[in-house]
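# Coordinates in review
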Amino acid sequence: MLGPVILAASRSDRMRRMISAAPGTKQVVDRFIPGETVDEVLPVVRELTARGLELTMDVVGEDITSPAQAEAARDAYLELIDRLKPLDLGTRAEMSVKLSMFGQALDGGHELALKNVRPVVEAAAEIGTTVTLDAEDHTTLDSMFAIHDELRADFPQTGCVIQAYLFRTEADARRLAGSGSRVRLVKGAYKEPASVAYQQKHEIDKAYVRALKILMDGEGYPMIGSHDPRLISITQELARRAGRKPDEYEFQMLYGIRGDEHLRLAAEGHRMRVYTAYGTDWYGYFMRRLAEKPANLRFFVRSMITKG
């Protein structure tokens, strides 16, 4: 029941100021976001890849209000890619981007976002890796998928994200399950109305499995974004039924959540990619992590009490 309240708070400037100033905030933020700069996050990249894990990197920030901020977001990703180049990790370190950061919500936002994200996709390809377009709230998805289609014309390895709780997702999964596609399936972490999305956990879980089966039976490359042990087991069974080898799909989990499971899956021969966010504009990302799992919220409250 607290999830929708926390998601609403993620859009509140007043709550942003209050939580940023809370004494226990930094301890919890550090659990999910390993740094604010490229210099701080690169040691984490080296450590995780040395342990057999892969990464998708996210420079956090969504509240873009000017073209200049959108260009700054583009430049932040270009800096990251430039710094990753000497590590020669290839697809072991890819990028995840939110098109809202590239100006999607501004006037002429679709064209602006495409203009800003294309150099990032090009730069990623030059170092042997790729980019996945994150899904945001349902009003942005038609634009996101159109940009995804345009980018794939030149960079077919460009991935995208679909969200199980949306009614449209099964149709999107069928459309995207073709040869060469890369699709990350997540449950969904935005507050959506009942007119477009399932509201109950059991409904979302069932929708997740339906979309997962479509992707596994397709010809693309499914990326399973979930920490749910039951869904991980279902994924392995569906992959077996579809005749998929361990390198023909991958698991993705968030940095700071179920780290032992990351290592277990990698040790079993699965591709295990850690969604690793960094940057100074962490608030919206952080609040969604609290909303997704009550244990995260309890950890935050305990930290505030202890520090207080």
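Residues numbered from 1 in each chain as written. Predicted model: local features only at pLDDT ≥ 70, side-chain atom pairs only at ≥ 80, totals over all residues. Heavy atoms only, no water.

### Remarks on the overall build of the protein
Scanning the protein from terminus to terminus reveals 13 helices and eight strands. When contacts within the protein are restricted to residue pairs at least 6 apart in sequence, long-range pairs at least 24 apart make up 73% of them. For the protein, the accessible surface area stands at approximately 13,800 Å², while carbon and sulfur atoms represent 53% of it. (Helix = DSSP H or I, 4+ residues; strand = E, 2+ residues; numbered from the N terminus. Contact = heavy atoms within 4.5 Å. Areas by Shrake-Rupley, 256 points an atom, 1.4 Å probe, with all protein chains shown as cover.)

### Some remarks on helix α5 (residues 67-84)
An ideal rise of 1.5 Å per residue puts 26 Å on 18 residues; α5 measures up with 26 Å between its terminal C-alpha atoms. Every buried residue of α5 is listed here: Ala70, Ala73, Arg74, Tyr77, Leu80, Ile81 and Leu84. In an axial view of α5, the angular spread of the buried residues amounts to 115°, which keeps them on one side of the axis. Relative to its buried face, α5 has exposed residues pointing more than 90 degrees away, namely Ala68 and Asp82. Buried residues along α5 sit against α4 (38-50), β1 (54-59), β2 (93-97), α6 (109-126) and β8 (271-278). (Expected span 1.5 Å × (residues − 1). Buried < 20%, exposed > 50% of the residue type's maximum accessible area, 1.4 Å probe, protein only. Arc of directions from axis to C-beta.)

### Regarding the environment of leucine 133
Turning to its location among the elements, leucine 133 is positioned in strand β3 (residues 131-133). In this structure the C-alpha to C-alpha distance between leucine 133 and lysine 98, which are 35 residues apart in sequence, comes to 6.1 Å. In contact with leucine 133, not counting residues within four places along its chain, are Val97, Leu99, Val117, Met144, Ile147, His148, Leu151, Thr158, Gly159, Cys160 and Val161.

### Focus on the packing of helix α7 (residues 141-154) against helix α8 (residues 169-176)
Between α7 and α8, the least distance of the axes is 13 Å, while the angle of their chain directions is 5°. What the angle tells us is that α7 and α8 run roughly parallel. Taken together, the residues of α8 that come into contact with α7 (itself represented by Phe145, His148 and Asp149) are Asp172, Arg175 and Leu176. A per-class count over the contact of α7 with α8 returns two nonpolar, one polar and three charged. (Axes fitted to C-alpha atoms, helices over the stretch in contact; angles between N-to-C directions. Parallel < 35°, antiparallel > 145°, perpendicular 65-115°, else oblique. Nonpolar A, V, L, I, M, F, W, Y, C, P; charged D, E, K, R; others polar.)

### Regarding the sheet that holds strand β6 (residues 221-225)
Strand order in the closed barrel made by the eight strands is β1-β2-β3-β4-β5-β6-β7-β8, with parallel pairing throughout. Neighbouring strand axes in the sheet, compared pairwise and without regard to direction, differ in orientation by 30° on average. The sheet contact formed by β3 and strand β4 (residues 159-163) spans two bridges and is parallel. Each residue of the ladder has a partner; that of leucine 133, found in β4, is cysteine 160. Sitting on the sheet, α5 touches β1, β2 and β8, and the angle it makes with β2 is about 175°. (Pairing = 2+ DSSP bridges.)

### What about the side chain of threonine 132?
If you trace the backbone, threonine 132 turns up in strand β3. Taking the relative accessible area as the measure of exposure, threonine 132 reaches 0% and is therefore buried.

### Quick notes on the pairing of β6
Counted residue by residue, β6 has five buried out of five residues, so it is predominantly covered. Across the two faces of β6 the burial is the same, with Tyr221, Met223 and Gly225 and Pro222 and Ile224 all buried. Relative to β6, strand β5 (residues 182-186) is paired through four bridges, and the arrangement is parallel. Its bridge partner being in β6, valine 183 is matched across the sheet by proline 222. Handedness of the β5-helix α9 (residues 201-217)-β6 crossover: right-handed. Pairing analysis gives three bridges linking β6 to strand β7 (residues 250-254), with the strands arranged parallel. Considered in β7, the bridge of methionine 223 is made with glutamate 250. With helix α10 (residues 229-241) bridging β6 and its parallel neighbour β7, the resulting β-α-β unit is right-handed. (Right-handed = clockwise from strand over helix to strand, strands pointing away.)

Function cannot be read off these values alone, since they describe shape.
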